Every structure is written in C-alpha cells, then in structure tokens.
Amino acid sequence: MEVQDVIHAMEEIAHPNWALPKDVIGLQIGSPKAKVQKIWIALEAQPSIIVAAVEAKVDMLITHHALFYHPLQKILTHTTTGQALAIALSANLSIYAAHTNWDVAPGGVNDILAEHLELQDVEILVPTGVTAEDRTIGLGRIGQLLQPMTLQQFAQRVKDRMGQSGIRFSGLPDRKIARVAVLGGSGRDFMDVALEKSADVLVTADINHHAAVDATDAGLAVVDCTHAAMEQLSLPVLAQRLQELVNHIGEVKIEVPIISADPFYWI
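From a predicted model like this one, the values you see are computed outputs, not experimental measurements.

**Focus: the pattern of salt bridges**
- Taken as a whole and assessed by the stated rule, the structure comprises seven salt bridges.
- Between E2 and K35 there is a salt bridge, and its shortest N-O distance comes to 3.4 Å. Taken together, the residues E2 in the segment before α1 (3–13) and K35 in the loop between β1 (26–29) and β2 (38–42) connect sequence positions 33 residues apart.
- Using a relative accessible area of 16% as the deciding quantity, one classes E2 as buried.
- Accessibility expressed as a relative area gives 58% for K35, which makes it exposed.
- Connected via shared salt-bridge partners are E118, R157 and R161.

**Structural notes on the pairing of strand β8 (residues 176–186)**
- Most of β8 is tucked away, with eight of its 11 residues classed as buried.
- Across six bridges, the pairing between strand β6 (residues 136–150) and β8 is antiparallel. Paired with Q144 across the bridge in β8 is R179.
- Bridging between β8 and strand β9 (residues 201–205) involves four bridges; their strand directions are parallel. The partner of V182 across the bridge, within β9, is V203.

**Description of unusual backbone geometry**
- Although it is not a glycine, E118 adopts a positive phi angle of roughly 60 degrees.
- As for its position among the elements, E118 is in the loop between α5 (109–116) and β5 (120–130).
- For E118, a relative accessible area of 32% corresponds to the partly exposed category.
- One non-glycine residue, D134, lies in the positive phi region at around 65 degrees.

**Quick notes on the nonpolar core**
- In terms of nonpolar packing, the biggest core is built from 72 residues, with F154, V203 and L242 touching the most fellow members.
- Residue contributions to this core peak at six residues, all from α1.
- Once residues lying within four places of it in the same chain are set aside, the contact partners of V203 are L117, F154, V158, V180, A181, V182, L183, V223, C225 and M230.
- In this structure, I29, A42, A88 and I95 belong to the second largest nonpolar core, which totals 17 residues.

**Some thoughts on the side chain of D262**
- With respect to the secondary-structure elements, D262 resides in the segment after β11 (253–255).
- Lacking a salt bridge, the buried D262 has R168 as its closest oppositely charged neighbour, with an N-O distance of 12 Å.
- In this structure the side chain of D262 is engaged in a polar contact, spanning 2.6 Å, whose partner is the side chain of T226.
- With near-sequence residues (within four places) excluded, D262 lies in contact with T226, A228, A229 and Q232.

**Some details on the packing of helix α2 (residues 47–55) against helix α3 (residues 80–90)**
- The interhelical angle for the contact between α2 and α3, taken along N-to-C directions, is 25 degrees, at an axis separation of 9 Å. Considering their axes alone, α2 and α3 lie roughly parallel with respect to each other. The handedness of the crossing between α2 and α3 comes out as left-handed. On the side of α2, the interface is formed by P47, I50, V51 and V54, while α3 contributes T80, T81, A84, I87 and A88.
- Among the residues forming the contact of α2 with α3, the class breakdown is seven nonpolar, two polar and no charged.

**Here's the deal with the sheet that holds β2**
- The five strands are arranged β1-β4-β3-β2-β11 in an open sheet whose pairing can be described as mixed. In this open sheet, the two strands that pair with only one neighbour each are β1 and β11. Recorded for the sheet is a direction-independent mean angle of 25 degrees between the axes of neighbouring strands.
- Bridge count for β2 against strand β3 (residues 60–63) is four bridges, and the pairing is parallel. The partner of I39 across the bridge, within β3, is M60.
- Against the sheet, α2 makes contact with β2, β3 and β4 (94–97), and its axis sits at roughly 160 degrees relative to β2, the strand it touches most.

Definitions and limits used
Residues numbered from 1 in each chain as written. Predicted model: local features only at pLDDT ≥ 70, side-chain atom pairs only at ≥ 80, totals over all residues. Heavy atoms only, no water. Salt bridge = Lys/Arg side-chain N within 4 Å of Asp/Glu carboxyl O. Helix = DSSP H or I, 4+ residues; strand = E, 2+ residues; numbered from the N terminus. Buried < 20%, exposed > 50% of the residue type's maximum accessible area, 1.4 Å probe, protein only. Pairing = 2+ DSSP bridges. Core = buried A, V, L, I, M, F, W, Y, C linked by side-chain atoms within 4.5 Å. Contact = heavy atoms within 4.5 Å. Lys, Arg positive; Asp, Glu negative; His and termini not counted. Polar contact = N/O pair within 3.5 Å; in protein donor to acceptor, adjacent residues only side chain to side chain. Axes fitted to C-alpha atoms, helices over the stretch in contact; angles between N-to-C directions. Parallel < 35°, antiparallel > 145°, perpendicular 65-115°, else oblique. Left-handed = near helix turned anticlockwise from the far one by under 90°. Nonpolar A, V, L, I, M, F, W, Y, C, P; charged D, E, K, R; others polar.

Right, dumping it as structure tokens:
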C-alpha cells in the first residue's frame, strides 16, 4: 500500500473540500508513492510523537492538527522541533493532517462528542457546506438531554465522559440544563450562535475569563474542557473507519498511540 492509497481513503472520510477556508490540511511531509505498512493516528505531530513514531517503525502519521500552519522560513536542527523534523525526514515518515474537514465530517469530531454526551435530536450548530450527496455539514452540534439535570450534574457527566481528571464550568451550579451545544476545539467565537439556538450550555474548550463572564451575563452556561480531551475522543473512531476502508487494498496496521497530546495536568 502507498501513502496515496491512504489519502484517498481519508478523503472518503473527511474530504478536503469540507475544510474551512485557509485551513492547512493534507500531506505535509513525505511522498504519495511512499510505502505504508504501519500508521499512527494522533492529535498532533509534536516532537515526542514524531520520535516515538520513528522508534515504533511507523510509516505514516495522520494528525488532526497540522504540523505547519504558516510558511517555514528556516529549519534549525538544534531546536527540538527542528530535530524532530530531521528525524521524520531521515526515517521517511509521512505526515498528513485532517483538521476542520474531520471536525465537520459526518461521524467526525462533533458527531462523536454529541454521541458521548448522549444528545437527542441532534442538529448542526454552524452549517459550513454540503457534501456531494447534498448532506449538510458544519461545526458543532446541538441537541437535547434525555432528562434535564443541574449544571453541576451535567459538568460532572462531561468530566466523566471526556475522561478528564478536572473540569471547570461557568454559570449557577443548580441551573437546569436541557438543551446542549457542543463544539470540539476552541468554541468561544460561537457563543452567540449557541444562544440564538436556545442552548442552555455550551461545551467547548479554550474559554478565557472575559468570554466566560460574557456568556454568564448573556444567560449561557459554559463547560470548559481541555482542547486535547475533546478531540482525542475521535481518534479511535477515525482509526477504525480508516482501517475498514484500506483493508481491501493491502495489509496495514493502524494504531492510536497511548501518548497524550494534552499539555495540561490537573492537581
């Protein structure tokens, strides 16, 4: 099997046309003709992941966050990142990114989050386009809880479902929560949309003090997860779907490494 075969399968799952404007996706290091027998799927190609992948004899690394978002001016191999890139190139490790196209994809990041929270009557929070089959795609999801609960109870559910050792929320703890918006990654720019669609709470990441204050004043509770925790949930699902698509092409082993990309620890 070649890298280009894997790319074709990935494009069935998360087509590049679905990515938001100016997003950086696709093959970033490697050759479409390179041979592939082992694939890792990770949140991002940080140096520790690249080094571990090379040591594990991985041929292709598929990530959610792109390795390069901006044009490179130089690669300095005395830096940690430069060393990792040199290792990837010398080991012929191909690196491919599926970012917002995986976020918005049917069955992608946001659908997986909605399933984890057991939301009912789920709708797209922010439509961004349609598939070739005329299916609407977009960022975030919004739906109903099976039974209303307090904000504190709901925050505990999110913590448990996300597998986090700690979580924070804004809003009155005893407030009743019934309608939930969820958006993987940074969602503070979509608080107004959540309010317009009558959400009681928005589950997202990277909320700062002022955004939380504004949301509370506007009547929107917020449950703030870590960015990595929200998106890592989707990686095993992506691995399974990709494995099913490439099995008929040839033998390839696809794994999600047990290496957390979350820079935060809770004490």
